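Residue-level structure breakdown
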Amino acid sequence: MSELGAVSTPTPGTTAKVGFGVAFWVLAAYFFFEYVRPQDRIPVIGSLKIGLLLSCWSIYLWYTRADKSALRERVIRLYIAFLVVIAINIPFATNTHWAYKSTELLTLFLLAGTLPAAAILAEPAKLQRFFQLWIVFHVLIALSSMQRGGRGSGAFLADENDLALALGMALPYAYFMAQAPNVKLKGKVLYLTAAGLLTLGVIMTASRGGFVGLVGCLGAILFLAKHKIRNLLLIAVVALGVLAFVPSSYYAEIESINDPTDSTRKDRLYMWERAWEMYLDNPVIGVGAGNYPWRVHEYQIRTPDFDPRTTRLRGGRVVHSLYFTLLAELGTAGTVLYLAMLIIVVTRLFRVIKAKSDNPAVQDTLKHCSLMARAMLASLATFLLSGAFITVLYYPHFWYLIGFVLALSYCTTRAMQGAASDAHSANVVPETAK
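Residues numbered from 1 in each chain as written. Predicted model: local features only at pLDDT ≥ 70, side-chain atom pairs only at ≥ 80, totals over all residues. Heavy atoms only, no water.

1. A word on the environment of G154
Note the cut-off: Every helix listed is a DSSP run of H or I at least four residues long, and every strand listed is a run of E at least two residues long, numbered separately from the N terminus. By definition in these notes, contact holds between two residues if any of their heavy atoms fall within 4.5 Å.
Structurally, G154 is set in the loop between α6 (124-147) and α7 (160-177). Residues G154 and R37 lie 117 residues apart in sequence; the distance between their C-alpha atoms is 7.6 Å. Not counting the four nearest positions on each side in its chain, G154 is found in contact with R37 and D40.

2. Notes on α7
Quick note on the threshold: Here the expected span of a helix is defined as 1.5 Å times the quantity of residues minus one. Exposure categories follow from relative accessible area, calculated using a 1.4 Å probe and restricted to protein chains: below 20% of the type maximum is buried, above 50% is exposed, and the middle band is partly exposed. The definition of a polar contact used here is a pair of N or O atoms within 3.5 Å, where within protein one atom must be able to donate a hydrogen and the other to accept one, and adjacent residues in sequence count solely through side-chain atom pairs.
Relative to the 26 Å expected for 18 residues at 1.5 Å per residue, α7 spans 26 Å between its end C-alpha atoms, a close match to the ideal helical length. Within α7, 16 of the 18 residues are buried, which leaves it mostly tucked inside the rest of the structure. Its side-chain oxygen placed 2.8 Å from the backbone nitrogen of N161, D159 serves as the N-cap of α7.

3. A word on the pattern of salt bridges
Applied cut-off: Criterion for a salt bridge: a side-chain nitrogen of Lys or Arg within 4 Å of a carboxyl oxygen of Asp or Glu.
Here the structure, examined in full by the defined rule, presents nine salt bridges. As a salt-bridge pair, E73 and R348 come within 2.8 Å of each other at their nearest N and O atoms. Here E73 is found in the loop between α3 (50-65) and α4 (74-88), whereas its partner R348 is found in helix α14 (residues 322-354), with 275 residues between them in sequence. By relative accessible area, which is 15% here, E73 ends up buried. Owing to a relative accessible area of 14%, R348 belongs among the buried residues under this scheme.

4. Considering the packing of α7 against helix α15 (residues 360-386)
Our working definition: Only C-alpha atoms enter the line fits that serve as axes; for helices the fit covers just the stretch in contact. Angles between N-to-C directions range over 0 to 180 degrees. In these notes the angle categories are as follows: under 35 degrees is roughly parallel, over 145 is roughly antiparallel, 65 to 115 is roughly perpendicular, and the rest is oblique. Should the near helix be turned anticlockwise from the far one by less than a right angle, the crossing is left-handed, and should it be turned clockwise, the crossing is right-handed. Nonpolar residues are Ala, Val, Leu, Ile, Met, Phe, Trp, Tyr, Cys and Pro. Charged residues are Asp, Glu, Lys and Arg, and all others, Gly as well, are polar.
Where α7 meets α15, the axes come as close as 8 Å, and the angle between the chain directions of the two elements is 160°. With respect to α15, the element α7 is oriented roughly antiparallel. Helix-helix and strand crossings are classified by hand; for α7 and α15 the assignment is right-handed. Contacts between α7 and α15 involve L165, G168, M169, P172, Y173, F176 and M177 from the former and H368, L371, M372, R374, A375, M376, A378, S379, T382, F383 and S386 from the latter. Here the residues of the contact of α7 with α15 are counted per class, giving 12 nonpolar, five polar and one charged.

5. A few points about the confidence of the model for the chain
Under the convention used in this document: Predictor confidence is given residue by residue as pLDDT, running from a minimum of 0 to a maximum of 100.
Considering every residue of the chain, the mean pLDDT works out to 86; 88% of them sit at 70 or more. Here residues 1-18 scores under 50 on pLDDT; set against residues more than four positions off or in separate chains, the count is 53 contacts. Considering only residues more than four positions removed or in separate chains, one finds that residues 428-434, a stretch of pLDDT under 50, has one contact.

6. Quick notes on the state of the cysteines
Note the cut-off: Two cysteine sulfur atoms form a disulfide, by the criterion used here, when they sit within 2.5 Å.
For the structure on display, the rule yields zero disulfides. The structure places no disulfide on C369, whose sulfur is separated from the nearest cysteine sulfur, that of C411, by 5.3 Å.

7. Some thoughts on the packing of aromatic side chains
Under the convention used in this document: In summary, the pairing rule links any two rings of Phe, Tyr or Trp, Trp by its six-membered ring, whose centres are within 6.5 Å, and it sorts them by plane angle into stacked for under 30 degrees, edge-to-face for over 60 and tilted for everything else.
Applying the stated criterion across every chain yields a total of 34 aromatic pairs. Judged by centre distance (4.9 Å) and plane angle (90°), the rings of F24 and W25 are edge-to-face. The exposure class of F24 is buried, given its relative accessible area of 0%. The class for W25 is partly exposed, based on a relative accessible area of 42%. The rings of Y30, F31, Y35, F109, F130, F131, W134, F156, Y173, Y395, Y400 and F404 are connected pair by pair, giving a single aromatic cluster.

8. A word on α3
Here is the rule: Think of it as the arc spanned by the lines of direction from the helix axis to the C-beta atoms.
Its 16 residues give α3 an end-to-end C-alpha distance of 22 Å, which sits within 8% of 22 Å, the value for a rise of 1.5 Å per residue. All of the buried residues along α3 are L54, S55, S58, L61 and W62. Projected down its long axis, α3 shows its buried positions confined to an angular sector of 135°, all on one face. Opposite the packed face of α3, turned more than 90 degrees from it, sit the exposed residues L52, L53 and Y63. Where α3 is buried, its residues contact α1 (21-35) and α5 (96-120).

9. Re the side chain of Q300
The topology assignment puts Q300 in helix α13 (residues 292-302). In this structure Q300 comes out as buried when scored by relative accessible area, which is 0%. In this structure, Q300 is in contact with Y270, R274, F306, T311, R312, L313, R314 and G315, ignoring residues within four places of it in sequence.

10. Some thoughts on the packing of α1 against α5
When two helices pack together, their arrangement is captured by the angle between the axes and the distance separating the axes. Relative orientation of the contacting elements α1 and α5 amounts to 135°, with a least axis distance of 11 Å. Of the possible angle classes, the one that applies to α1 and α5 is oblique. When you trace α1 past α5, the crossing you get is left-handed. Across the interface between the two elements, A23, F24, L27, Y30, F31 and E34 of α1 pack against L108, F109, A112, G113, P116, A117 and I120 of α5.

11. A closer look at unusual backbone geometry
A negative phi holds for most residues other than glycine; trans holds for most peptide bonds. A positive phi angle is found at A206, which is not glycine, with a value near 55°. As for its placement among the helices and strands, A206 is situated in the loop between α8 (185-204) and α9 (208-224). Here H320, not a glycine, exhibits a phi torsion of approximately 60°, which is positive. Within the element layout of this structure, H320 appears in the loop between α13 and α14.

Structure below.
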């Protein structure tokens, strides 16, 4: 037990300090292989199935030795209910394989990432160190993608749009952590340099959806920042450093967002219309996870303007939208559950931001937690905006964010309860003094 450090963390509310431990590094390694994905670049690593082994190890450590308070959280119960909705539809889906694989994937995210993160990172020092690593992971991804012409390594980071989303979601952590009370000038420069590299990484993808997410991210940062003028100037400084490396072709690509004749824009609108029709026909639990591509041709054929000689069937293609994927594949049940989880996540983060204490011993911790909450909100804003144009429902970003939010909430709760306990102890009159 002692070698695991915070894996055996008590129920949220205690303030015991422990070392990082094996579990923390297993979890960090799990996320390294999940995001940086060296197995996609080096075949030998891929053949060793290290990612799978780390997944199993993370699950084992959480199941056998970790605090399981997160299972009582409403957001986790909604997550499980969401999995049930997906699983129920497996026998009725046109493609049962993809419905099953989607269920399996989201279950793996919960067991190997979300729940272990909620338990293992529920200490301020661990949370801070983890997101330092998180920034490093994404800077490595950004640098690698620049060498590949704006493309990622594989899986949910292969496509330019997917890569831009992931890098944009990491940007707020680098920006807000630069403002933490324990960060010196050198650290601030490193954090802001990382923010600049992540911004450049998004730009180098030439993704229009990524650009929308980036604008939303910067807007969310300004909205959430306490000192808006100072932060606006700071963003401007970082932006000026990035603009020197932006290719001229990027501006032309972004300007095409407003072109009503753009083929990509017209194609997405066409696919969204088919998704809406699919939802209307299957309003309760949808057509099944991962099944839009296997049903879309049916709805194309039904359209009044369908001409088999000129209409290109979209079978096998995703809908390119988080929201229309939800509606078409999981219906009202899945959509309501997802929105409920989203509301809880946002509510918990704003509670962290509002947490205050008069105890000087915990003020720095609460300030750091508040900055992390702002970073998570800005990261979520990026996800929701870019996700409007990308099929990201079965990507790990949102599901892991749930675990991060719970860990942050536990850190804040412990700090507040520790401050209250100290205040109570200070007010207790010793028996000998009576």
